[in-house]
Number of protein chains: 2
Amino acid sequence: MSIRVGILGYGNLGRGIECAVKQNADMELVAVFTRRDPATVKILHEGVKVYHVDEAVNMKNDIDVLILCGGSATDLPEQTKEYAKYFNVVDSFDTHARIPEHFEAVNESAVKNNKVALISVGWDPGMFSLNRLYANAILPNGSDYTFWGKGVSQGHSDAIRRVEGVADGKQYTVPVEDALRRVRAGENPKLTTREMHTRECYVVAKEGADKARIETEIKNMPNYFADYDTTVNFISEEELQANHSGIPHGGFVIRSGRTGWNEENNHIIEYSLKLDSNPEFTAAVIAAYARAAYRMSKEGMKGCKTVFDVAPAYLSPVSGEELRTHLL
Amino acid sequence: MSIRVGILGYGNLGRGIECAVKQNADMELVAVFTRRDPATVKILHEGVKVYHVDEAVNMKNDIDVLILCGGSATDLPEQTKEYAKYFNVVDSFDTHARIPEHFEAVNESAVKNNKVALISVGWDPGMFSLNRLYANAILPNGSDYTFWGKGVSQGHSDAIRRVEGVADGKQYTVPVEDALRRVRAGENPKLTTREMHTRECYVVAKEGADKARIETEIKNMPNYFADYDTTVNFISEEELQANHSGIPHGGFVIRSGRTGWNEENNHIIEYSLKLDSNPEFTAAVIAAYARAAYRMSKEGMKGCKTVFDVAPAYLSPVSGEELRTHLL
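First things first, this report covers the structure right here in the doc.

1. Considerations on the sheet that holds strand 13 (residues 265-275) of chain A
An order of 7(A)-12(A)-13(A)-13(B)-12(B)-7(B) is seen for the 6 strands of this open sheet, with the pairing classed as antiparallel. Edge positions in the sheet fall to strand 7 (142-148) of chain A together with strand 7 (142-148) of chain B, since each of these pairs with one other strand and no more. Direction aside, the axes of adjacent strands within the sheet are offset by 10° on average. Judged from the 7 bridges that link them, strand 7 of chain A and strand 12 (residues 249-259) of chain A form a sheet pairing that is antiparallel. Counterpart to aspartate 144 of chain A in the pairing with strand 12 of chain A is arginine 255 of chain A. Helix-sheet contacts for helix 6 (residues 177-184) of chain A involve strand 7, strand 12 and strand 13 of chain A together with strand 13 (265-275) of chain B, and the interaxial angle to strand 12 of chain A is about 30°.

2. Let's talk about the relation of the copies chain B and chain A
Take chain B, turn it by 180°, move it 0.0 Å along the axis, and it overlays chain A with an RMSD of 0.0 Å. This pairing of chains is accounted for by a two-fold axis. When C-alpha distances to the rotation axis are compared across chain B, the minimum falls at alanine 311 of chain B, with a value of 1.9 Å.

3. Description of the pattern of salt bridges
What the rule picks out here adds up to 36 salt bridges over all chains. Here glutamate 215 of chain A and lysine 219 of chain A are joined by a salt bridge, their closest N and O atoms 2.9 Å apart. Taken as a pair, glutamate 215 of chain A and lysine 219 of chain A lie in helix 8 (residues 211-219) at a separation of 4 residues, close to a single helical turn. With relative accessibility at 26%, the residue glutamate 215 of chain A sits in the partly exposed group. Lysine 219 of chain A sits in the partly exposed class, given a relative accessible area of 31%. In this structure, aspartate 178 of chain B and arginine 181 of chain B form a salt bridge, with 2.7 Å as the shortest nitrogen-oxygen distance. Here the residue aspartate 178 of chain B and the residue arginine 181 of chain B both occupy positions in helix 6 (residues 177-184), the gap between them amounting to 3 residues, near one helical turn. Residue aspartate 178 of chain B is classed as partly exposed on the basis of its relative accessible area of 42%. A relative accessible area of 45% means that arginine 181 of chain B is categorised as partly exposed. Connected via shared salt-bridge partners are Asp158, Arg161 and Asp168 of chain A.

4. A closer look at the interface of chain B and chain A
Taken together, the 70 residues of chain B in the interface contact 70 residues of chain A. Of the roughly 6200 Å² buried at the junction of chain B and chain A (both faces included), carbon and sulfur atoms supply 62%. On the surface where chain B and chain A come into contact, there are 0 salt bridges. Of all the secondary-structure elements, those providing two or more residues to the side of chain B that touches chain A are helix 1 (12-23), helix 3 (99-112), helix 4 (127-138), strand 12 (249-259), strand 13, helix 10 (278-298) and helix 11 (320-326) of chain B. Ranked by residues supplied to the side of chain B that touches chain A, first place goes to strand 13 of chain B with 11 residues. In terms of residue class, the side of chain B that touches chain A is built from 36 nonpolar, 19 polar and 15 charged. Pairing geometry for strand 13 of chain A and strand 13 of chain B, over 9 bridges, is antiparallel. Opposite lysine 274 of chain A, over in strand 13 of chain B, you have isoleucine 268 of chain B as the bridge partner.

So, how was this worked out
- The residue numbers shown here count from 1 along each chain, following its written sequence.
- For this description, chains carry letters from A and ligands carry numbers from 1, given in the order in which they are written.
- With pLDDT at 70 or above as the cut-off, local features in this predicted model cover only qualifying residues; side-chain atom pairs require 80 or more to be listed or tallied, and sums for whole chains, interfaces and linings still use all residues.
- Calculation of side-chain values draws on the structure's entire complement of heavy atoms; hydrogens and water are dropped beforehand.
- Think of it this way: DSSP has to see at least two bridges between two strands before they count as a pair.
- Think of it this way: any DSSP run of H or I at least four residues long counts as a helix, any run of E at least two long counts as a strand, and we number them from the N terminus.
- Only the stretch in contact is used when a helix axis is fitted, and all axes are lines through C-alpha atoms; the angle between N-to-C directions ranges over 0 to 180 degrees.
- Residues count as neighbours in contact if any of their non-hydrogen atoms are within 4.5 Å of one another.
- Overlaid copies result from least-squares superposition on C-alpha atoms, with residues included only where pLDDT is at least 70 in both.
- Basic side-chain nitrogens of Lys or Arg form a salt bridge, by our definition, when they fall within 4 Å of a carboxyl oxygen of Asp or Glu.
- The rule is simple: take the accessible area with a 1.4 Å probe, protein chains only, and divide by the maximum for that residue type; under 20% is buried, over 50% is exposed, in between is partly exposed.
- Reported buried area values correspond to the accessible surface (1.4 Å probe) lost by two parts on association, with both partners' losses combined.
- Just so you know the grouping, Ala, Val, Leu, Ile, Met, Phe, Trp, Tyr, Cys and Pro go in nonpolar, Asp, Glu, Lys and Arg go in charged, and all remaining residues, Gly too, go in polar.

Below is the structure:
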């Protein structure tokens, strides 16, 4: 029998979940829920209905795992704890600083209602976090480095577009090659914000706008750009559409650490991602963890969990015997 | 209270475990067991005794986890199932093809005696296996690539030393850069054995030996070298000692896979290790899993497990709250 999946919220991530469900033969999409008028939301699957979000709870017996695709700022802090009353849920809550309080709220609700709620699933938090944990446990004496990119930062792109005279814009976060090289060489460098990443902006100026003023304003924007070496490239709207409409991302998690009686040996553990589509990859991770949530719930587990709490075998559709034979 | 660790077998791996225990503040070395005369075995810890292996069972109440550091060919198939009767155990059984039968035998013994037995812990099998599993679960539609090196292969070095006229030798397995590049570029190439790795040999010839014959014999050795592009470098014993006495290793596990409704997007997941000391890194992984074995046993779990069955949080000395706050 298939794992019956519901999607709540249909933006880039929700669409990515749809694609991931299609690729996983043991999953089946049952329903998509939206806050918009369902008639206006066109999904990819034929024969699967779009419902208003108010109808979700009525379908609690038809769905094994509900995947919450809202934003971390205001949606998920309300939604995850609410829907964990009725469903096993997975979210991709990614406001690192607020994870502990989110965990507590969701845990209370999930424990009380015998549901499994997996939070902060994706790649950072998510796969990057996992690799930080494994590498720290293996090499207690060492240093962690996380580099992001090359990839599109939605927040920084939004910030550019708020500058007066800007019609459109995209921002790429780019890791500094020389910093990566030094970390990989085991130098354990102390790196400033500026030494780790640069920021590349592609900006479409409105007609007659003062480009020099736009460039200065972007480069000196506190928090977003002031602490980085930032380049601003003015291009046409056509060029932006043609060359910068994708949502690629990725990055590197590296731990460099020493072993030996006198710490004479160095080791580098590196995990990296190069993603054509940030939301589709995030969705692919979530789909695997939806399988885990379903199985853990079947085994009687309950409460809020993160990727740290999920034994890897739960993620795979393949049996333990097959995993040991083919992947170990 | 510390986790009380015992080591059975004191070669490179056992010595590595000693170093790892020293780095983990929550662990304590209680005893080392050897098949040799204990008086002849000098360990690094002061105040820790070396016992004959026959005394191990008498200390079953003094040891929380016994780490088995024997070889996979003949030692571990006997030892792991035997000691799992009395101890929580961890081994690094690495004969991939025989893992299923080893698992069954150890599982029977561990279940019957309420012990946790973690087998095949290290980096391959071990961390590489984990990364294959995670990446396969996330990207069901894709290809796996494992490259090893640059590193010393003990088996191939032994093979060189068995050639007539060879006094000493070391063999490095080296991944082919161009193959790595093609995989990382998302080309999903089909690669032959020869296209993935080369073999570099450093050979000390006996006085008067026929070097041309030695080179030919090495290069044409079936299974070991015939399917590879092999280079043979003749050097002096002094040079071998000076430049090739380490045991470095490492490698790359890469999965390249596609997502999207029409599989329009490609993603590369890469995990790599660059290790100064193969046995010390293996030992560092084992130490973290010894912590997991101890905790899982405390929670009432039992039976044979692999890295696939261990939730990552068990590996870390840090609490769930701290992990969520600092590493997620």
